[in-house]
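Observations on the model geometry
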Amino acid sequence: MSARHEVLIVHTSDLHLGADSILTDDDSGNVPVLRQVLSMARSQQADLVILAGDTFDHNRQGARRTEEVAEVMTGFGLPIVILPGNHDPLTPDSVYRRSEFGNAGNVHVLGLTGDRSGFPDLDLEVWGRPHVDYLDMMPLPEPPERRTRWQLAVAHGHYVEDTPRPDLLLGSWLIRQENITASGADYVALGHWNRAVRVGDPGVPAYYSGSPSYAGTVNTVRLHDDSRVEVTQVPV
Ligand SMILES: [Mn+2]
């Protein structure tokens, strides 16, 4: 068997763990979806998992739920990069500031100790601007200086095409094509939309993974040795 000369990323978003179910008696809080995603990532021999926002439905989770989620993530063992989204922002009372996540060594929350996480053995870093409150912000600002072969951006917001009417009210957390172009990233992992779709610049691979609950898939991103980036939607 030859050695693998590629990096494999699994990208998903909008798991909405701990969502209050008002239509059914389902008390699982969507945690089975997280288990499925991580099980799939393990079977694909992924190097890294990116959760591009709204991993939790809200920050008012009971300890039982956050402890369960932290246990599932810790048990996975491989690195997980989490970008806090508009549902689970990095507020002072954020779920990500609880000790169960502080003790999960393989879980990297963007914004807790800086806006990028580096993985030297993969020659890769992931950067992203976390939501830190419930107000509007620019999810995909100018990128930091690249210091690894692979640089991935992660952003949680709403993609809009350039509009001839800048006075139109388009909503919050806007991501524009020029932001994607300026990122210069090898891959932009997007969250906030439930559907899986590519957006933006033909020269920069930028994809919404969609929520696995709706899309039924996650994105696998293969970073090949010859610099090709191959994105596939894989069922979970
Ligand atoms: Mn969102």
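Everything that follows concerns the structure shown earlier in this document.
A few points on the structure. (Residues numbered from 1 in each chain as written. Predicted model: local features only at pLDDT ≥ 70, side-chain atom pairs only at ≥ 80, totals over all residues.)

**Quick word on the overall build of the protein**
Across its full length, the protein holds five helices and 14 strands. The C-alpha radius of gyration computed for the protein amounts to 17 Å, which stays within 12% of the reference 18 Å derived for 236 residues, consistent with globular compactness. Projected onto the principal axes, the alpha-carbon positions of the protein cover approximately 60 × 45 × 30 Å. Among the 236 residues that make up the protein, the fraction classed as buried is 45%. Of all intrachain contacts in the protein linking residues separated by at least 6 positions in sequence, the fraction that spans at least 24 positions is 66%. (Helix = DSSP H or I, 4+ residues; strand = E, 2+ residues; numbered from the N terminus. Rg over C-alpha atoms; globule rule 2.2 N^0.38 Å. Buried ≥ 20, exposed ≤ 12 C-beta atoms within 10 Å, placed from the backbone. Contact = placed C-beta atoms within 7 Å.)

**Regarding the packing of helix α1 (residues 31-43) against helix α2 (residues 63-76)**
The description of two packed helices rests on the angle between their axes and on the distance between the axes. With their axes 10 Å apart at the nearest point, α1 and α2 run at an angle of 5 degrees to one another. As far as their axial angle goes, α2 and α1 are roughly parallel. For the pair formed by α1 and α2, the contact residues are Val 31, Leu 34, Arg 35, Leu 38 and Arg 42 on the first element and Glu 68, Val 69, Val 72 and Phe 76 on the second. Here the residues of the contact of α1 with α2 sort into six nonpolar, no polar and three charged. (Axes fitted to C-alpha atoms, helices over the stretch in contact; angles between N-to-C directions. Parallel < 35°, antiparallel > 145°, perpendicular 65-115°, else oblique. Nonpolar A, V, L, I, M, F, W, Y, C, P; charged D, E, K, R; others polar.)

**Re the sheet that holds strand β10 (residues 187-191)**
Two modes of strand pairing occur in sheets, parallel and antiparallel, and in both the strands are linked by backbone hydrogen bonds. On the basis of which strands lie adjacent, the open sheet formed by six strands has the order β5-β6-β7-β10-β12-β11 and mixed pairing. Sheet topology places β5 (116-119) and β11 (197-198) at the edges, where each strand pairs with a single neighbour. Relative to strand β7 (residues 150-156), strand β6 (residues 124-127) is paired through four bridges, and the arrangement is parallel. Note that in β7 the partner of Trp 127 across the bridge is Ala 153. (Pairing = 2+ DSSP bridges.)

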